[in-house]
Amino acid sequence: MKVKIESTRIVKPVYEGIAPSTSNHIPLSVFDQVTYDTHVAVIYAYRPPTPSNTTIELGLRRALSEYREFAGRLGENANGDRVIFLNDKGVRFVEASFDGQLDRLMPLKPSSVLLTLHPRLSGVEELLQVQLTRFSCGSLVVGFSTNHLVADGHSTSNFLVAWGKTCRGLDVSPLPLHDRTIFKPRKPPSFEFEHRGVEFKIKSPIKDFPGEADYFLDDIVMHKAHFTVEFLSKLKAKASQSNGANNDKPYSTFESLVAHLWRSITKARGVSALETSQIRISVNGRMRLNPRVPNEYFGNLVLWAFPRARVKELLKELLAENSLEP
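Structure report, in brief. Remember, it's a predicted structure, so these values are computed and weren't measured experimentally. (Residues numbered from 1 in each chain as written. Predicted model: local features only at pLDDT ≥ 70, side-chain atom pairs only at ≥ 80, totals over all residues. Heavy atoms only, no water.)

All right, on to the overall build of the protein chain then. The number of helices and strands found in the protein chain is nine helices and 12 strands. Buried residues in the protein chain amount to 35% of all 326 residues. Within the protein chain, counting contacts between residues at least 6 apart in sequence, those at least 24 apart form 75% of the total. As displayed, the protein chain offers around 20600 Å² of accessible surface, 55% of which is attributable to carbon and sulfur atoms. (Helix = DSSP H or I, 4+ residues; strand = E, 2+ residues; numbered from the N terminus. Buried < 20%, exposed > 50% of the residue type's maximum accessible area, 1.4 Å probe, protein only. Contact = heavy atoms within 4.5 Å. Areas by Shrake-Rupley, 256 points an atom, 1.4 Å probe, with all protein chains shown as cover.)

Here you go:
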């Protein structure tokens, strides 16, 4: 069994009233420019009943009228700066079918079949792509990909919520904030942190060690783990119990799990107790900047956090001494 492509076409925004100009463009912010210039795909699976493809397409067209960047194209302005042209050239919309039941693929795991549930990610001109795959049991899988230069996960989630509303005939609310020129440098410039050497790596060959870059890429191991709800609940309770005076504000599931993985991986590596261990976590900068940026801001605003700890301090924490196993 395999996915059969039924149709593929370009879908453009639909406007109420007079359509806006298609000759404008939006400059990429500093946060856009330092992120990945690649398509990122996510897959959503729904059991019946599900709306028709026509309803989903119409909702997409209406949502794009408020999120025009996704219907545009990347390019350069007269100064050679990368921008998003708001030309309404549209997004890729694919309709497909699968001669089988969704239950046979669940839970979705990395496989050749999984890659066919969303459009290809390389050599793509469109900034947003959608693939609707209908299964014989009536289930629907929505394969969705966007270019990361256009928006981060938070903004993309806002778009998906707006798309869901328009599919139900509702208005987009709240409206997105599109102004990417709000991030202005200080005058005079002030450099307080070494961002280039920590957050942003220089993309150049390592002359002294030919092939070193390939070695690091090959040395990375990706592993997908599943943690039960019961395990996460116990882990969160353990972490919050050790919070002492701050027990009125328990740790989140994310904080508890990251701490547990950090400690477990550090222990498994067997490094010296006097070494310093560090992890990198992406965080939403909207609520961390001063002044704060509204949650409706559409674009990239991901910052990096680098928690550090001595290995001996990391391993002696109470959470590391529990016997919980996923």
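So, on to the sheet that holds strand E5 (residues 82-85). Hydrogen bonds between backbone atoms are what pair the strands of a sheet, whose relative direction is either parallel or antiparallel. Strands sit in the order E2-E5-E4 across an open sheet of three strands; the sheet is antiparallel. Whereas interior strands pair on both sides, the edge strands pair on one side only; in this sheet they are strand E2 (25-27) and strand E4 (73-76). For this sheet the average axis-to-axis angle between neighbouring strands, irrespective of direction, equals 35°. (Pairing = 2+ DSSP bridges. Axes fitted to C-alpha atoms, helices over the stretch in contact; angles between N-to-C directions.)

Moving on: helix H2 (residues 53-64). For H2, spanning 12 residues, the distance from its first C-alpha to its last is 16 Å, which sits close to the expected 16 Å at 1.5 Å a residue. If you check which residues of H2 are buried, you get Asn53, Ile56, Glu57, Gly59, Leu60, Ala63 and Leu64. Along the long axis of H2, the arc covered by the buried residues comes to 165°, so they all point the same way. Residues of H2 that are buried sit in contact with strand E1 (3-11), strand E6 (91-98), strand E7 (128-135), strand E8 (140-147) and helix H4 (153-167). (Expected span 1.5 Å × (residues − 1). Arc of directions from axis to C-beta.)

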